[in-house]
Amino acid sequence: MKTLSPSDLAAIEAAVRQAEARTTGEIYCVVTEESSHYGETAIAWAAGVALLGPALLLLVGVHVTIPDLFSPWSASQVGAAMESAVRRALIGAIVLQVVLFVLTAVIVSIPPVRRALTPPSLKRLRVRRRALEQFVAKNLHLTRERTGILIFVSLGERMAELIADEGIADHVEPPVWDRAMAALTEGLKRGQPEAGFVAAIGLCADVLAEKFPQRPGDNPDELPDAVVVLPKP
């Protein structure tokens, strides 16, 4: 997973500054290494694999031995033998399940493995939620004309979100941002998030400059141009 270097952050900041010179809109960029710890992924996989323990015992040939009822055993001997066999089988199954649970949880907790085994729908949900949290936390909804845009990138999931405030949403249909999102996600897939950011910012600026052109002498810079780098959750 490629992270953003200081030169990458500087290039993105310069792109934001250049874009905002053309419009009264505000572009705000946020990046995080990962949008969630996805701890439930390790637990779910560990529980699922552990539940297969008894079946694995049967597959490898471990089974409960039933005494020969026609041999000269007394009823008490047969009962004791069956009880012992069942007890051994149950103990073996429980031990196997515990071992499988622990091993699977440890393996799935390795970040690349955890990300690979987490359902894309869950990752998309968490990225979207973190982006919305940042939109509110960074006060993008409090710009003078409600013309703020958040470009949010989660590097670990290789996913991005673009959220436009209502002042923009009232004049620009959501599909208009598809090109910017495509450029951003393409950069993430290629391992070049900085290039994706810069391309997306330029495309957003084209839209904003058309709908919300700059007004000489009346174009305050309401939000920082620098990229905000969030810590891991």
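Scroll up to find the structure.
Overview of the structure.

Here is what the cut-offs are and how they apply
Residue numbers restart at each chain and count upward from 1, following the sequence in its written direction. Given that the model is predicted, a residue must reach a pLDDT of at least 70 before its local features are reported, and side-chain atom pairs must reach 80 or more before they are shown or counted; all residues, however, enter totals for whole chains, interfaces and linings. Excluded from the side-chain calculation are hydrogens and water; included are all heavy atoms of the structure. Strands are labelled as partners when DSSP assigns at least two bridges between them. In DSSP terms, a helix is any run of H or I states spanning at least four residues, a strand is any run of E spanning at least two, and both are numbered starting from the N terminus. Here an angle of 0 to 180 degrees is reported between the N-to-C directions of two axes, which are lines fitted to C-alpha atoms, with helices fitted over the stretch in contact. Throughout, a residue-residue contact means that at least one pair of heavy atoms, one from each residue, lies within 4.5 Å. Note that patches include only residues with greater than 30% relative accessible area and no salt bridge, and the join distances are 9 Å for like charges and 5 Å for nonpolar side chains (Val, Leu, Ile, Met, Phe, Trp, Tyr). The protein chains shown are the only cover counted for residues, whose accessible areas, like all others here, come from Shrake-Rupley with a 1.4 Å probe. What makes a salt bridge here is a side-chain nitrogen of Lys or Arg within 4 Å of a carboxyl oxygen of Asp or Glu, nothing more. Relative accessibility decides the category of a residue: with a 1.4 Å probe and only protein chains considered, values under 20% of the type maximum give buried, values over 50% give exposed, and everything between is partly exposed. In these notes the angle categories are as follows: under 35 degrees is roughly parallel, over 145 is roughly antiparallel, 65 to 115 is roughly perpendicular, and the rest is oblique. All residues other than Ala, Val, Leu, Ile, Met, Phe, Trp, Tyr, Cys, Pro, Asp, Glu, Lys and Arg, Gly among them, are scored as polar; the first ten of these are nonpolar and the last four charged. Take the residue count of a helix, subtract one, and multiply by 1.5 Å to get its expected span. Throughout, the arc means the angular range of directions from the helix axis out to the C-beta atoms.

1. Comments concerning the sheet that holds strand E3 (residues 159-164)
Next, step 1: Strand order in the open sheet formed by 4 strands is E3-E2-E1-E4, with mixed pairing between adjacent strands. Strand pairing shows two members of the sheet lacking a second neighbour, E3 and strand E4 (228-230), which therefore form its edges. On average, each strand axis in the sheet is tilted by 20° relative to the strand beside it, whichever way the strands run.
Next, step 2: Of the strand pairs in this sheet, strand E1 (residues 26-32) and E4 are connected by 3 bridges, and their pairing is parallel. Bridge pairing in E4 places Thr32 opposite Leu230.
Next, step 3: Docked against the sheet, helix H6 (residues 120-137) engages E1, strand E2 (148-154), E3 and E4, running at close to 40° with respect to E3.

2. Focus: a nonpolar patch on the surface
Next, step 1: Side chains of Ile43, Ile94, Val98, Phe101, Val102 and Val106 sit close together on the surface and give an oily, nonpolar patch of about 540 Å² of accessible area.
Next, step 2: The leading source of residues in the nonpolar patch is helix H4 (residues 75-108), at 5 residues.
Next, step 3: Relative to the assigned elements, Ile43 resides in helix H2 (residues 39-51).
Next, step 4: Judged by its relative accessible area of 54%, Ile43 falls in the exposed class.

3. Side note on the pairing of E2
For a regular strand, side chains alternate in direction, first toward one face of the sheet and then toward the other.
Next, step 1: Among the 7 residues in E2, 7 count as buried, and that is most of the element.
Next, step 2: The alternating pattern of E2 places Gly148, Leu150, Phe152 and Ser154 on one face and Ile149, Ile151 and Val153 on the opposite face, and all of these are buried.
Next, step 3: Sheet topology note: the E1/E2 ladder contains 7 bridges and is parallel. Residue pairing for E2: Ile27 is matched across the bridge by Ile149.
Next, step 4: The turn linking E2 back onto E3 is made up of 4 residues, and Arg158 within it adopts a positive phi angle of 55°.

4. Focus on the packing of helix H8 (residues 178-189) against helix H9 (residues 193-211)
Next, step 1: In contact at an axis separation of 7 Å, H8 and H9 are set at 170° when each is read in the N-to-C sense. The pairing of H8 with H9 is recorded here as roughly antiparallel in orientation. Side by side, H8 and H9 meet where Arg179, Ala180, Ala183, Leu184, Gly187 and Leu188 of the first sit next to Pro193, Gly196, Phe197, Ala199, Ala200, Leu203 and Cys204 of the second.
Next, step 2: Per-class residue counts for the contact of H8 with H9 are 10 nonpolar, 2 polar and 1 charged.

5. Side note on the packing of helix H1 (residues 6-20) against H9
Next, step 1: Two numbers describe how H1 lies on H9: the axes approach to 9 Å, and their chain directions differ by 5°. Viewed along their axes, H1 and H9 adopt a mutual orientation that is roughly parallel. Taken together, the residues of H9 that come into contact with H1 (itself represented by Asp8, Ala11, Ile12, Ala15, Val16 and Ala19) are Glu194, Phe197, Val198, Ile201 and Ala205.
Next, step 2: Grouping the amino acids of the contact of H1 with H9 by side-chain chemistry returns 9 nonpolar, no polar and 2 charged.

6. Structural notes on unusual backbone geometry
Next, step 1: Positive phi is not limited to glycine here, since Arg146 has a value of about 55°.
Next, step 2: Mapped onto the elements of the fold, Arg146 is located in the loop between H6 and E2.
Next, step 3: Located in the positive-phi region is Arg158, a residue other than glycine, with phi close to 55°.
Next, step 4: Considering the arrangement of structural elements, one finds Arg158 in the loop between E2 and E3.

7. A word on the pattern of salt bridges
Next, step 1: Tallied over the full model, the rule gives 14 salt bridges.
Next, step 2: The partner of Arg22 in a salt bridge is Asp206, with the nearest N and O atoms 2.8 Å apart. A residue pair is termed long-range when its members are at least 10 positions apart, and Arg22 in the loop between H1 and E1 and Asp206 in helix H9 qualify at 184 residues.
Next, step 3: Overall, Arg22 belongs to the partly exposed group, its relative accessible area being 36%.
Next, step 4: On the accessibility criterion, Asp206 (39% relative accessible area) is partly exposed.
Next, step 5: Its salt-bridge partner being Arg126, residue Glu40 comes within 2.5 Å of it at the nearest N-O pair. Taken together, the residues span a long stretch of sequence, with Glu40 in helix H2 and Arg126 in helix H6 at a distance of 86 residues.
Next, step 6: Residue Glu40 is classed as partly exposed on the basis of its relative accessible area of 31%.

8. Some thoughts on H2
Next, step 1: An ideal rise of 1.5 Å per residue puts 18 Å on 13 residues; H2 measures up with 19 Å between its terminal C-alpha atoms.
Next, step 2: Taken together, the buried positions of H2 are Thr41, Ala42, Ala46 and Ala50. Within H2, the buried residues cover an arc of 150° as seen down the axis, which keeps them to one side.

The analysis is restricted to geometry; functional conclusions fall outside its scope.
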